[in-house]
Amino acid sequence: MTIQAKKSIPVPQVEPRAPIPNQNLRIPGPTVVPAEVLEAQAQPMINHRGPEFAAILRRVSTRLQYFFQTESPVLTFPASGTGGQECAVANLFSPGDHVVAITIGAFGNRLAKIATIYGLNVTRIEFPWGQPADPDVVAERLNELPAYKGVLMTHNETSTGVTNDVKTLAASIRRHNPNALIVVDAVSSLGCIPLEMDQWDVDTVFTGSQKGWMTPPGIMMIAGSQRAWEANKTAKMPRFYFDWANTRKKLEQWQHPITSPVSLFYSLDVALEMMLAEGRDAIFERHQRTGNYVRQRARAMGLQLLADHEHASNTVTALLTPEGINTKALLKKLREEDHVVLAGGQEHLEGKIFRVGHLGFFTDTDIAETMDKLEARLHEFGFKG
Ligand SMILES: *Cc1c(COP(=O)(O)O)cnc(C)c1O
């Protein structure tokens, strides 16, 4: 066998940098970031172990506890939402543990898949895409199952535009198994849709900066209940980067064990200030009102929602692409001609639905314009409603 001599790598011939367009970005993350938050990122770099960063991390962590509604520390990691899913699994369980994954769509499935990859024994309770988890069906299924250590679920299923009734589900699970570790993926809901971590007695909640937090992608936030921290002590799953105990210990000095994503924290700091100025209830109300508006406009156009009325999400609306219209072509036209960016469907819903994100930073005008442009393009594509 001859070993080929390695060639030196030539200077790459790539397209030159192009300006980033200013769009009406209406996908369920990343979401539009307000100018003040973007500008915050342009500040000079500082020592992530110095007093200035400590002040920021302290402020951000404390304010996050308010938005999570928890007395537990909220840990932050440089990661996306999927990192939150992995972090929860790695910190709570040991290989072979039996967990139940309630799934109503793509992100519920991803969490179940991660649990399986980590060696958990996963029982899935699945519901059709477009529907929420029915607490009665869940209770019935739990009764039939052998002992389980945890239950994984999505608060807001971004792939289908459905919000689960976590409060009722958690209460029902708790009645059945007082020690169950209830893990809630709140990536596309926390900050926008009510979730009370301590009062609802859920054990782990995580979210991502690019969804409802008016911040660029890159910070994952996660909190564990006392029950979760107890479980963490004996959880044998291998972990290093995502280790809770290490991260909590460092947080006592308002630091991270690794190099903090300093610029993202400048952003999140400003975004949280803006969110507090608006008020938690006012933010919830704005999302509720906008969710209603998008659904009402869609129905008035003659479009069909994937989710049923009662469980439709206030952060993302999934709409069925009308018969005879090519989803990709429609979204391309909207993007290129109207600068309105919508999301397509995931997995088996690709080409069948499209999604309008209405979370984080938006005005009534942004959303009205989105629906106006959508309506006009649908007519252009021959949709009569
Ligand atoms: C976006 C999202 C994720 C995954 O987040 P990434 O940032 O893309 O890794 C997980 N769960 C839900 C509910 C989401 O909306």
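Notes on the structure follow. (Residues numbered from 1 in each chain as written. Predicted model: local features only at pLDDT ≥ 70, side-chain atom pairs only at ≥ 80, totals over all residues. Heavy atoms only, no water.)

## A few points about the site of the ligand
So, point 1. Near the ligand, the surroundings consist of 14 residues, among which Ser-80, Thr-82, Thr-158, Gln-210 and Lys-211 are the closest.
So, point 2. One of the side-chain N or O atoms of Thr-82 is found 2.5 Å from an oxygen atom in the ligand.
So, point 3. Thr-158 places a side-chain nitrogen or oxygen 2.4 Å from an oxygen atom of the ligand.
So, point 4. Notes on the ligand: free accessible area 370 Å², of which the protein chains cover 89%.
So, point 5. Those elements that place two or more of their residues in the shell around the ligand are helix H3 (81-92) and helix H4 (106-117).
So, point 6. In terms of residues, the shell around the ligand owes the most to one element, H3, which gives three residues.
So, point 7. Classifying every residue of the shell around the ligand by side-chain character gives two nonpolar, nine polar and three charged. (Near = heavy atom within 4 Å. Polar contact = N/O pair within 3.5 Å; in protein donor to acceptor, adjacent residues only side chain to side chain. Areas by Shrake-Rupley, 256 points an atom, 1.4 Å probe, with all protein chains shown as cover. Helix = DSSP H or I, 4+ residues; strand = E, 2+ residues; numbered from the N terminus. Nonpolar A, V, L, I, M, F, W, Y, C, P; charged D, E, K, R; others polar.)

## What about the sheet that holds strand S9 (residues 204-208)?
So, point 1. The mixed open sheet is built from seven strands, whose spatial order is S2-S10-S9-S8-S5-S3-S4. The open sheet is flanked by strand S2 (74-78) and strand S4 (121-126), the only strands paired with a single partner. Within this sheet the neighbouring strands show an average axis-to-axis angle of 20°, counted without direction.
So, point 2. Where strand S3 (residues 98-103) lies against S4, six bridges are found, and the strand directions are parallel. Looking at the pairing, Ile-102 lines up with Ile-125 of S4.
So, point 3. The strands touched by helix H8 (residues 244-251) are S2, S9 and strand S10 (219-224); relative to S2, the strand with the most contacts, the crossing angle is about 105°. (Pairing = 2+ DSSP bridges. Axes fitted to C-alpha atoms, helices over the stretch in contact; angles between N-to-C directions. Contact = heavy atoms within 4.5 Å.)

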